[in-house]
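Secondary and tertiary structure notes
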Amino acid sequence: PHSENRRVVVIGAGPSGAIAAALLKRQGHDVLIIERQRFPRFSIGESLLSHCLDFIEEAGMLEAVQAAGFQTKHGAAFGCGERYTDFDFRDKFTEGHGSTYQVQRADFDQLLADQAALQGVEIRYEEEITAADFGGPRPSLQVRRLDGSDYALEAEFVLDASGYGRVLPRLLDLEAPSSFPLRRAVFTHITDNINDPHFDRDKILITTHPEWRDVWFWTIPFSNGRCSLGVVASAERYEGRSLDLDSCLKAFVMEAPNLKRILKHAEWDTPARLINGYSANVKALHGPGFALLGNAAEFLDPVFSSGVTIAMRSASMAAAVLHRQLSGESVDWDSEFSTPLKRGVETFRAYVESWYDGSFQDVIYYERAQPEIRRMICSILAGYAWDNRNPYVAEPRRRLRVLAELCATPTPA
Ligand code: FAD
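Description of the structure in this document. (Residues numbered from 1 in each chain as written. Predicted model: local features only at pLDDT ≥ 70, side-chain atom pairs only at ≥ 80, totals over all residues. Heavy atoms only, no water.)

**A closer look at the sheet that holds strand E13 (residues 203-208)**
Spatial ordering of the open sheet is given by E5-E4-E13-E14-E15-E12-E16, a layout of 7 strands whose pairing is mixed. Either end of the sheet is taken by a strand with one partner, and the two such strands are strand E5 (83-88) and strand E16 (273-276). Strand after strand, the sheet turns through a mean of 20 degrees between neighbouring axes, direction not considered. Inspection of the sheet shows strand E4 (residues 75-80) paired to E13 by 6 bridges, in the parallel sense. Directly across from Ala76, in E13, lies its bridge partner Ile204. (Pairing = 2+ DSSP bridges. Helix = DSSP H or I, 4+ residues; strand = E, 2+ residues; numbered from the N terminus. Axes fitted to C-alpha atoms, helices over the stretch in contact; angles between N-to-C directions.)

**Some words on the nonpolar core**
One finds Leu159, Phe337, Trp355, Phe360 and Ile377 to be the most contacted residues of the largest nonpolar core, which totals 118 residues. If you count residues domain by domain, this core takes at least three from each of domain 1 (4-68 + 101-177 + 279-345) and domain 2 (183-276). (Core = buried A, V, L, I, M, F, W, Y, C linked by side-chain atoms within 4.5 Å. Buried < 20%, exposed > 50% of the residue type's maximum accessible area, 1.4 Å probe, protein only. Domains from an automatic or database assignment.)

**Some thoughts on the site of the ligand**
Residues in contact with the ligand amount to 36 residues; listed here are only the nearest, Ser16, Glu35, Ile44, Ser47 and Val308. Separating an oxygen atom of the ligand from a side-chain N or O atom of Tyr164 is a distance of 3.2 Å. Note that an oxygen atom of the ligand is positioned 3.5 Å from one of the backbone N or O atoms of Gly307. Bound to the protein, the ligand loses 97% of the 1000 Å² it would expose on its own. Only helix H1 (15-26), strand E2 (31-35), strand E8 (128-133), helix H8 (294-297) and helix H9 (307-326) provide two or more residues apiece to the shell around the ligand. Tallying contributions element by element places H9 first for the shell around the ligand, with 3 residues. Class assignment of the residues belonging to the shell around the ligand gives a composition of 16 nonpolar, 13 polar and 7 charged. (Near = heavy atom within 4 Å. Polar contact = N/O pair within 3.5 Å; in protein donor to acceptor, adjacent residues only side chain to side chain. Areas by Shrake-Rupley, 256 points an atom, 1.4 Å probe, with all protein chains shown as cover. Nonpolar A, V, L, I, M, F, W, Y, C, P; charged D, E, K, R; others polar.)

Rendered as structure tokens:
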């Protein structure tokens, strides 16, 4: 049967797909995105880090994002009982953007996809990749339209940006277990009515449960008077709690004294949702004729809001290597894509592990911390996890261990 021939096919029009497609199109390559859903569509992952603006800028989309009226974000705040500390992304070790945004992903993802389309990327919505064959001379994909009919697509190269769809990992048997225990998130959007003078709308607030340090909440303000609010905990922490998601979330939130106070006038007007066991990994980030971007490859954990930043960083790195490959140069996906991408992911992994064992929480609340060390930590919280000049990037585990020991030392009398 006849099949359509394209240069690059991208699976999924989320942040990683839109950015990768636009970057390749800007280099003059033919790019087609196949997206299963109709946009706008809900997606989780609303708090952005500063570093992802570097890729939005590279893709020529910064002005459009700046003009969209999203909530500005200058940093991250942390609360636990009566303790509070915050980091301002404008004061950090690594140069780069000092502020970023908190976004309703339905609007944000549509904006990025529309920007890619404006630059000449073709996007077909409500079409789904259902099969893939990388055994022949050229990769070939099976596409299913909304009416159930199928057609075949051939490409020189396929970028899988399908997020939790994990299309190629599933079809090519690349899935691998995550090193993190299964956690689940229950979340909603509220009309927040926050009038607490100490609440900073320009920061994400991460709250630790007063009793269990591995249970935490996100409060992500938007520019329209609403907030995204969620709790993350392992399955055992949900035992004995209401099966009704709204009551479950509300009860959890009311156990955190700072949230109870800040959210006392909130209107809970949206049904809560559940995401179960979200961490995932793969055996390889690339193979002949394909590479995996963003969540299609690996997803660590939401605590540091690193997902969209890693997704866009992978898009930028893959687009650069692929551009050179399509231009006839010989490239090495391992040393030019996989290995350097994983370096930053490993940095985040060290911080996520240390968040859940409690030691990173001791570090951020430590009252006698040196300002320069806080500026280095702040860079990582802003997403600059690939800057090897930062000692807390270059040697995260050793540095964190030393810091944690210091924080555990009693104050001299
Ligand atoms: P996605 O945004 O998931 O896009 C993938 C697209 O591919 C979708 O539009 C989908 O419809 C399409 N698709 C799927 N299958 C197919 C198919 N077969 N054919 C065609 N198209 C297909 N990240 C942050 O940066 N900040 C946060 O605050 C944050 N909070 C989070 C909270 C939770 C509880 C979780 C679980 C994650 C959070 N994340 C956060 C992570 C964030 O959601 C992801 O990292 C991010 O959305 C990944 O982008 P992506 O482009 O890889 O995939």
